[in-house]
Amino acid sequence: MKKQTVGAIAVAATLGATTLAWSSPASAELNTRCVGEAGAVTVPGDLVVPRGEVCILTGTTVQGDVRVARNADLLADGATIGGRVAANNNAYFEAVGSTVDGEVVLNGAYGSYLESSDLGARVLTRPNAITDTGGFVYTFQSSVSGSLVSRSAELFVEASEIGGTVNSRNSLYADLYESFVDGRVLVRNNERGGVVCASAVQGDSRFVGNGVVVQLGSDGPFADCADGSYWGGDVTANRNTGGVFVDNNIVNGDLTLRNNDPVAQVGDDNMIRGEIVGQYEDWDAAAPMTLQHRSVAPQSNPQRRDNILDQKIEQRHAGAVKSAARAGAAHIGR
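Please read all numbers here as calculations on a predicted model, not as lab measurements. (Residues numbered from 1 in each chain as written. Predicted model: local features only at pLDDT ≥ 70, side-chain atom pairs only at ≥ 80, totals over all residues. Heavy atoms only, no water.)

What follows is about the side chain of Asn249. As for its placement among the helices and strands, Asn249 is situated in strand S32 (residues 249-251). At 2.9 Å, the side chain of Asn249 forms a polar contact with the side chain of Trp231. In terms of polar contacts, Asn249 uses its side chain to reach the backbone carbonyl oxygen of Asp247, at 2.9 Å. In contact with Asn249, other than residues within four places in its own chain, are Leu216, Gly217, Ser229, Trp231, Asp269, Asn270 and Met271. (Helix = DSSP H or I, 4+ residues; strand = E, 2+ residues; numbered from the N terminus. Polar contact = N/O pair within 3.5 Å; in protein donor to acceptor, adjacent residues only side chain to side chain. Contact = heavy atoms within 4.5 Å.)

In structure tokens form, the structure reads like this:
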């Protein structure tokens, strides 16, 4: 999906003229509906994408909050949103080269793709009373000033900066590639664990109770990664049941490995400034994988998980553009 998104949105900009209408400035609340495609205009209040509709913002400024209703899509290219973005059941939010000053909250949403964008507060994805899944969040070359929180969701962070903590719990997985986290990384009870590749994490980090697989560093049976990772504090991996692989890391604190089944594998290309505490086996990452290693993370499907997310994003994005084209002349109004 990367690098294709902006071009696809630009095509939508040719749909037609934009009509604006909002409540009087004397009103207690400005609440503007968006259906179709909007250009370089300013919305002096809140914006709503109605249920099942599509809104494409190209160079648009929204001074208030944005709400994406159930089954709706919001595609933002070069847009500025002064407030927060809230996306509801099966809603999709995409931001490319855009700025959101407030938080982004996904409540049982389909997901969110954030490329080359600046997020001024936390990004949160979670289930709600209607759905037990939190969709996905995929950040690419983006900056999140707050924390990145995933509940019952898929989380993929690539070439991004996170000012707070990456916190993934009871989710499918949490993967970080070539990224910087100023806080901690907390991965707990994820069905498919997590991967931290070629990244720097400043705070103490914990990986607890995860399934297949926890891979920290450049080598492992799951993901191909060329570079190692840096950890500014302690790293803990306890009670994981899908395999723990640690190689090519710099850890400024202690590395604690307890009650992992199978036992954690620690390669010889680590620099641990503190102590290695707990149970582990020495692992030659350059040697062929043993049957035990392969049973933990089969090599029959070695693709990174962003490839799967790309398919989800492309499908929803293409559908949104087609819906906007069918709508004819776009409009924003009350």
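By the bridge criterion, 3 bridges tie strand S1 (residues 31-38) to strand S3 (residues 46-49) in an arrangement that is parallel. What sits directly across from Thr32, in S3, is Leu47. Of the strand pairs in this sheet, S3 and strand S6 (residues 66-68) are connected by 3 bridges, and their pairing is parallel. The residue bridging Val49 from the neighbouring strand is Val68, located in S6. (Pairing = 2+ DSSP bridges.)

All right, on to the sheet that holds strand S26 (residues 200-201) then. Hydrogen bonds between backbone atoms are what pair the strands of a sheet, whose relative direction is either parallel or antiparallel. Here 12 strands make up an open sheet; going across it, the order is S2-S5-S8-S11-S14-S17-S20-S23-S26-S29-S32-S35 and the pairing parallel. With one partner strand each, in any of the chains shown, strand S2 (42-43) and strand S35 (271-272) form the two edges of the open sheet. Note that strand S17 (residues 143-144) and strand S20 (residues 161-162) share 2 bridges and pair parallel. Counted as the bridge partner of Val144 is Ile162 from S20.

What follows covers the pattern of salt bridges. As enumerated under the stated definition, the model contains 7 salt bridges in all. Between Glu103 and Arg122 there is a salt bridge whose closest N-O contact spans 2.8 Å. Placement of the pair is Glu103 in the loop between strand S11 (99-100) and strand S12 (104-107) and Arg122 in the loop between strand S14 (118-119) and strand S15 (123-126), with a sequence separation of 19 residues. Overlapping salt bridges, with partners in common, bring together Arg84, Glu103 and Arg122 in one network. (Salt bridge = Lys/Arg side-chain N within 4 Å of Asp/Glu carboxyl O.)

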